[in-house]
Amino acid sequence: DVKVTQSSRYLVKRTGEKVFLECVQDMDHENMFWYRQDPGLGLRLIYFSYDVKMKEKGDIPEGYSVSREKKERFSLILESASTNQTSMYLCASSFIRRGLAGGNEQFFGPGTRLTVL
Amino acid sequence: SQQGEEDPQALSIQEGENATMNCSYKTSINNLQWYRQNSGRGLVHLILIRSNEREKHSGRLRVTLDTSKKSSSLLITASRAADTASYFCATDHPNFNKFYFGSGTKLNVKP
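## Brief notes about the environment of L117(A)
Residue and element names in this part refer to chain A.
Here is step 1: Along the polypeptide, L117 turns up in the segment after β11 (112-116).
Here is step 2: Judged by relative accessible area, which is 51%, L117 ranks as exposed.
Here is step 3: Residues L117 and Q85 lie 32 residues apart in sequence; the distance between their C-alpha atoms is 10.0 Å.
Here is step 4: For L117, the contacting residues outside a window of four places in its chain are V12, K13, R14, T15 and T83.

Next comes the structure, spelled out in structure tokens:
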């Protein structure tokens, strides 16, 4: 059974703290994604990685950084957490697809609900 | 923005009824996907339809795509209480490996 796991389901941090969210997939997927989900705004892409050590900014990268040292692991880092980063964070992975036939299914983790006080 | 937008935002029906959700998008696509999210959980892929397809079925799900109107619909037939969830459409991005997600339709199926 394919699996994407996230290190925590719930996390409470204080303003200014450095926060690490970890995501691991066991499907040998090339692509990994970090989204945040807020009511009424849907899923917004923070960062995307298509290979080890490769990353690409998504729609809302400000205040976040990422690390992908191994193919199966993609970390999201909040360098100095702020209250406006309180949100649900979703990690996903997929196989890489090139060309017009693209359309690869994304597999999601269960999410981490982060509260920054 | 390329982002797909679902309509309605919320839908409440009785068990056994059909549920229809719509998705509109702004620019041309290669394919469109539908996902489901149970409350507080991650998304689960339901179905993918390519731009050269007009209709696709999977169990009780029927998806249509009208590229001339830039819209898609998801029909769930004979709904069950277990279908209660949020449903999202995702349209592909010029980088084929990324998608735009809409804000979802929240479906409540009453037993």
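The rest of the description comes next.
## Some thoughts on the interface of chain A and chain B
Here is step 1: The interface of chain A with chain B comprises 31 residues on the first partner and 23 residues on the second.
Here is step 2: Together chain A and chain B conceal approximately 2,000 Å² of surface at their shared face, both sides included; 49% is due to carbon and sulfur atoms.
Here is step 3: Summed over the shared surface of chain A and chain B, the number is 1 salt bridge.
Here is step 4: For E56(A), the salt bridge identified is with K98(B), shortest N-O distance 3.0 Å.
Here is step 5: Put simply, chain A and chain B have 5 residue pairs in polar contact (both at pLDDT 80 or more) between them.
Here is step 6: If you list the elements that add at least two residues to the side of chain A that touches chain B, you get β4 (31-38), β5 (42-51), β6 (54-57) and β9 (87-94) of chain A.
Here is step 7: When grouped by side-chain class, the residues that make up the side of chain A that touches chain B number 14 nonpolar, 10 polar and 7 charged.

Criteria and thresholds
Per chain, residue numbering runs from 1 following the sequence as it is written. To read the labels, note that chains go from A and ligands from 1, taken in the order they are written. Only residues with pLDDT of 70 or above have their local features reported here, since the model is predicted, and side-chain atom pairs are shown and tallied only from 80 upward, although totals for entire chains, interfaces and linings are computed over all residues. To obtain the side-chain values, all non-hydrogen atoms of the structure were used and water was disregarded. Comment: elements are numbered from the N terminus, with helices defined as DSSP H or I runs of at least four residues and strands as E runs of at least two. Think of it in three bands: with a 1.4 Å probe and only protein chains considered, a residue is buried below 20% of the maximum accessible area for its type, exposed above 50%, and partly exposed in between. It only takes one pair of heavy atoms within 4.5 Å for two residues to be counted as in contact. What counts as buried area is the accessible surface, traced by a 1.4 Å probe, that two parts surrender upon association, with contributions from both included. By definition, a salt bridge exists where a carboxyl oxygen of Asp or Glu is found within 4 Å of a side-chain nitrogen of Lys or Arg. Pairs of N or O atoms are called polar contacts if they sit within 3.5 Å, as long as, within protein, a hydrogen donor faces a hydrogen acceptor (for residues adjacent in sequence, only side-chain-to-side-chain pairs). Three classes are used: nonpolar for Ala, Val, Leu, Ile, Met, Phe, Trp, Tyr, Cys and Pro, charged for Asp, Glu, Lys and Arg, and polar for all others, with Gly counted as polar.

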